Structures are given as structure tokens and as C-alpha cells.
Amino acid sequence: MAEENNKNAMAGKAPAKPKPPAAKAVAAKPGAPKAGAAGSAKPGVYKPEEKRGEVDPFGHKKQSGLASWAQERYSVLNPIFDYLKKKEVPQHRHSFWYYFGGLTLFFFLIQIVTGLLLLLYYRPTEAEAFARFVYIQTEVPYGWLIRQVHAWSANLMVLMAFIHMFSTFFMKSYRKPREMMWVSGFVLLLLTLGFGFTGYLLPWNELAFFATQIGTEVPLVMPGGEFIVQILRGGEEVGAETLTRMFAMHVVLLPGILMLVLSAHLLLVQVLGTSAPIGYKEAGLIKGYEKFFPTFLAKDAIGWMIGFALLIYLAVMFPWEIGVKADPLAAAPFGIKPEWYFWAQFQLLKDFKFEGGELLAIILFTIGGIVWVLVPFIDKKASREERSPMFTIFGLLVLAFMLVETYRVYLEYGW
Ligand code: HEM
Ligand code: HEM
């Protein structure tokens, strides 16, 4: 009816007179008896409209039985499907990089599932942690697989988050109006690194113990650093309290905060859509647009399956070792180093081994981090949709610094 009126209006005709209001007007009042079909209804008894809204988001033909029952139930999701169908992803020669946010998300989901399974057997006490960790590896059916997948997926999640960050940096996806995507993403990276750091101690083996000792003493060189160390360790030294704290952070605090920030990040992705590199639209370099739902999501799923195959291959072929139980009284073995994703900071601290050098290294790193997170607000050219080569060079320098420092640790300590 409304459509007919619109057509008429466009053709310059007066809109057709609406039909006598009987059925509609009465139906609008819940509780009032309906005319026509409702003629049979008893007065005062509410009979809902029999004809419902369109229930099938995919436009299939009407089905019967279970399928139609299910169709009616998921019709509440229609607005979401409709919204997702509106989102489009630009296709160009760098589209490949759009898969890495989804891959990071995928490995995080794997972490939740495997983490919850590990929780069934793990116990976070100084006396039991290592024994339970060995028990998971050797006795629990498929326990070894779950632990290896958790440990490998942690590494892959961090790697994907780094690739995602640098690719969005070089595509300048952070520019107006996506500044908060960048900021929320950066917070997600910090939280992911926090997961890696707190999870590392949980097996309570020698390597984890001493690496955590070195990691948690870094703030000592800062004014007021002792307070931070106390908070992290729950005492002067790494011990039973530290294990409890790391465990609580790993399975409660960090997942809670990460879920919140991730929801904001993904909501922004949906609302603002996917950006294209600067100038691509004007230069005709966009080959086309594809629907996020279901086309891009289906391609994302292929990426996830490849990621999953790689994960299982790594977990089975290159298992992480169990090590020996931590002995707080023993001397630190030679060659203790943190996880690879902290190697750049680790090397910088080693390079600055002079009086006051460590504090200087921390200050430099903190300033670097602040500048990095504020890039969307500093890069005015990009926000005006103009190329900003200075920022590309800045990004390349940061990437080169991280790679060189990481490689130097590899050369000195091996893998
Ligand atoms: C809600 C999600 C998570 C839960 C419930 C969880 C739970 C656990 C548990 C119980 C352990 C100890 C068992 C063991 O050492 O094998 C563990 C270890 C670990 N977790 Fe998680 N985790 C979660 C998410 C993550 C995430 C997102 C990351 C990484 C970025 C991560 C990284 C690690 C690491 C590196 C270890 C030590 C692995 C090892 O050497 O075996 N976890 N996690
Ligand atoms: C747990 C970590 C993260 C997850 C799960 C995640 C997830 C996602 C997903 C699924 C997308 C949409 C698809 C894509 O463009 O790849 C996205 C977009 C984006 N992410 Fe992340 N992200 C994470 C970390 C980061 C980090 C570390 C940054 C940067 C510091 C970042 C910045 C962005 C930006 C700027 C976009 C918009 C891309 C565009 O419109 O072209 N994200 N993120």
C-alpha cells in the first residue's frame, strides 16, 4: 500500500484513497476484537495477527515442519543479518591483509576453548601446578594435544595481532573516523601480551619461573617501581602468591577486560566498515566491493581453516617441552629469556646496561608506545585523505627496530 502510494506520488498522481480502516485500525488496539478474520474471535479476547513479518533472511521459499519452526525462531536475528548484509569490503591488491584481524580473533576463540579445558585439570598452587601440568600432558586423554594447541595458538594469536597492527598501520586504516579502532586495537595487543606473560608462569617449570622473575623485576628501576613489583608478585619474590595472581589475571581479569574491549573493537568494525588505502578510490584501484555477509565471512572461514591446519601441524610436530619443576632456591640457569614477543624490549634493556640505562630504556619505550597509540591523531595528512609518507617511514623504522632487536636475541640465545 505504502509502495503504491509512493509510486503514485512519483508519477504525479494523487495517492489512492485508503480503504476503510476496519481491520487495521482495530488490530492496532490490542485487546479489541478484530473485524474480518477476527469475526470469529470472542469479544475482549486478544487474537494476535496471523500474518507475521518476513522471517527468512536468505529469501528461501517457505518451508514446512522443523525448518519453518526454526525459521520463525531465528527471525529475531533478521535485523542483525540485514545490517551485516549492508557492510561491504573493498577489493584491491592489498585486500589480503584484511584477513588478519579475523585470524587473531580465531586464535583467541581457540584459546578460550582450550583454556577452559585445561582448567578442568590444572591447579594453581606451588605444590600442585607442575604435577598437574605433567598429568595433563601424560595421563589425561588428549590432554597433550589441548596443552600444545593452547601454547601454539597463544604464539599464533600474538603473531597475527602484530601482523594485523602493522598492516592496518601501513594501509593507514587508523585515519579518521577510525581512530578509536586503532586505540582499542592497541589496548587489545597489550592485553594479549599480558595473557602471554601471565600464562607463561602457570606450568611452574624452571624456565617459566626464572623468566617471570626477570620480567617482574623490570619496574624496579623506575621511581615507585617497588610498588608495581609487589602488585605483580604478591610479595618480595616470585613464589606461591605470584602464581595465584598470575592465574587470576590469566583466567578472570584479562579475559573479562579483553572481551569488553574486543566488543567495542568489533562493533566499530561493523559500524564504520572496512577502509581502503588512501587514494585508491580516486585512482580507480578498487576492483569492486564484496558483501561482508556472507561472502567475506565465508572467505574468512577458509583463512581460519588454514590457520587451524597450521596450528594442529605445529602442535603435533613441534611440541613445547615440559621442562623441570621450578626450584626457587636454585641458581638461575644460563640463557633465561622471555617469550619471543618480548625480545625487542629485552634486547633494548640489555643494550642500555649502564648507570641509569635501564630507566632510560623504559622511558624510551613508553614514549614510543604513547606516540604509536596517538598516531591517528598526529597524522593530520592521512585524516585529510592525503598520503603521509613520513608516517610510513616511521612505521618502517619501528618494524625494522623490532625485527632487528628480536633477531639479535635469537642470534645470542637461539630459539
Ligand atoms: C579465557 C581464556 C583462557 C583460559 C581460561 C586460559 C587458561 C590457561 C590455563 C589453565 C593454563 C595452564 C595450563 C598449562 O600451563 O598448560 C594456561 C596456560 C597458558 N596460557 Fe592460557 N588461557 C586463556 C587464554 C589465553 C590467551 C588469550 C593466551 C595468549 C595470548 C594464553 C596463553 C597461555 C600460555 C602461553 C600458557 C602457558 C602454556 C604452556 O607452556 O603450556 N592463554 N592458560
Ligand atoms: C586481539 C586482538 C585483535 C582482534 C581480535 C582484532 C580484530 C579485528 C577484526 C576482526 C577486524 C576487521 C577485519 C580486518 O580489517 O582485519 C579489525 C579491524 C581493525 N583493527 Fe583489529 N583486532 C585486534 C587487534 C588490533 C590491533 C593491535 C590494532 C592496532 C593497533 C588493530 C586495529 C584495527 C583497525 C585500525 C581496524 C580497521 C581496519 C580497516 O578498516 O581497514 N586491531 N580488527
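Scope of this entry: the structure provided in the associated data block. Only a predicted model underlies this, so the values are computations on that prediction, with no experimental measurement involved.

1. What to know about the coordination of the iron atom of ligand 2
The protein atoms that coordinate the iron atom of ligand 2 are His-164 (NE2) and His-265 (NE2), at distances spanning 2.1 Å. Viewed at the metal, the six donor atoms of the iron atom of ligand 2 are separated by angles of 84 to 178°, and the geometry they form is octahedral. Of this pair, His-164 sits in helix α7 (residues 143-170) while His-265 sits in helix α11 (residues 240-272), and the two are 101 residues apart along the sequence.

2. Section: the site of ligand 1
As a structural note, the neighbourhood of ligand 1 is formed by 21 residues, with Gln-111, Arg-147, His-150, Gly-199 and His-250 the closest of them. In this structure, Arg-147 approaches ligand 1 through a side-chain N or O atom, which is 2.6 Å from an oxygen atom. Per-element tally for the shell around ligand 1: the top contributor is helix α5 (residues 99-119), with seven residues.

3. Remarks on the nonpolar core
Among the nonpolar cores identified, the biggest contains 26 residues, and Phe-162, Met-165, Tyr-174, Leu-193, Tyr-341 and Trp-372 are the most heavily contacted of them. Elements represented by at least two residues in this core include exactly α7, α8 (179-201), α13 (343-351), α14 (357-378) and α16 (389-413). Of all the elements, α7 adds the most residues to this core, at six residues. Setting aside residues no more than four positions away along its own chain, Leu-193 makes contact with Val-158, Phe-162, Tyr-341 and Phe-342. In terms of nonpolar packing, the next biggest core, distinct from the first, is built from 21 residues, Phe-108, Ile-110, Val-149 and Leu-254 among them.

4. Let's talk about the coordination of the iron atom of ligand 1
Protein coordination at the iron atom of ligand 1: the donors are His-150 (NE2) and His-250 (NE2), at 2.0 to 2.1 Å from the metal. Here the iron atom of ligand 1 binds six donor atoms, and the angle range of 88 to 179° at the metal identifies the geometry as octahedral. Placement of the pair is His-150 in helix α7 and His-250 in helix α11, with a sequence separation of 100 residues. We note that His-150, like His-250, is buried.

5. Brief notes about the pairing of strand β2 (residues 288-291)
With burial as the criterion, only one face of β2 is covered, namely that bearing Gly-288 and Glu-290; the residues Tyr-289 and Lys-291 on the opposite face remain uncovered. Summarising the sheet, strand β1 (residues 88-91) and β2 pair through four bridges and their orientation is antiparallel. In the sheet register, Pro-90 faces β2, and the bridge partner there is Tyr-289.

6. Considerations on the packing of aromatic side chains
Counted under the stated rule, the structure contains 34 aromatic pairs. For the ring pair Trp-152 and Trp-320, a centre distance of 5.0 Å and an interplane angle of 45° mean the geometry is tilted. Here Trp-152, found in helix α7, pairs with Trp-320, found in the loop between α12 (292-317) and α13; they are 168 residues apart in sequence, far enough to count as distant. When its relative accessible area of 13% is taken as the criterion, Trp-152 is described as buried. Its relative accessible area of 24% is what places Trp-320 among the partly exposed residues. By way of ring pairs, the aromatic residues Phe-166, Phe-169, Phe-170, Tyr-174, Trp-182, Trp-372 and Phe-394 are connected into one cluster. If you follow Lys-87 out to its NZ or CZ, it ends over the ring of Phe-292, 4.2 Å from the centre.

Parameters at a glance
Residues numbered from 1 in each chain as written. Chains lettered and ligands numbered in written order. Predicted model: local features only at pLDDT ≥ 70, side-chain atom pairs only at ≥ 80, totals over all residues. Heavy atoms only, no water. Donors = N, O, S within 2.8 Å, 3.2 Å for Na, K, Ca; no water. Tetrahedral: all angles 85-135°; square planar, octahedral: opposite > 155°, others 65-115°. Helix = DSSP H or I, 4+ residues; strand = E, 2+ residues; numbered from the N terminus. Near = heavy atom within 4 Å. Polar contact = N/O pair within 3.5 Å; in protein donor to acceptor, adjacent residues only side chain to side chain. Core = buried A, V, L, I, M, F, W, Y, C linked by side-chain atoms within 4.5 Å. Buried < 20%, exposed > 50% of the residue type's maximum accessible area, 1.4 Å probe, protein only. Contact = heavy atoms within 4.5 Å. Pairing = 2+ DSSP bridges. Phe/Tyr/Trp six-rings, centres within 6.5 Å; stacked < 30°, edge-to-face > 60°. Lys NZ or Arg CZ within 6 Å of the ring centre and 35° of its normal.

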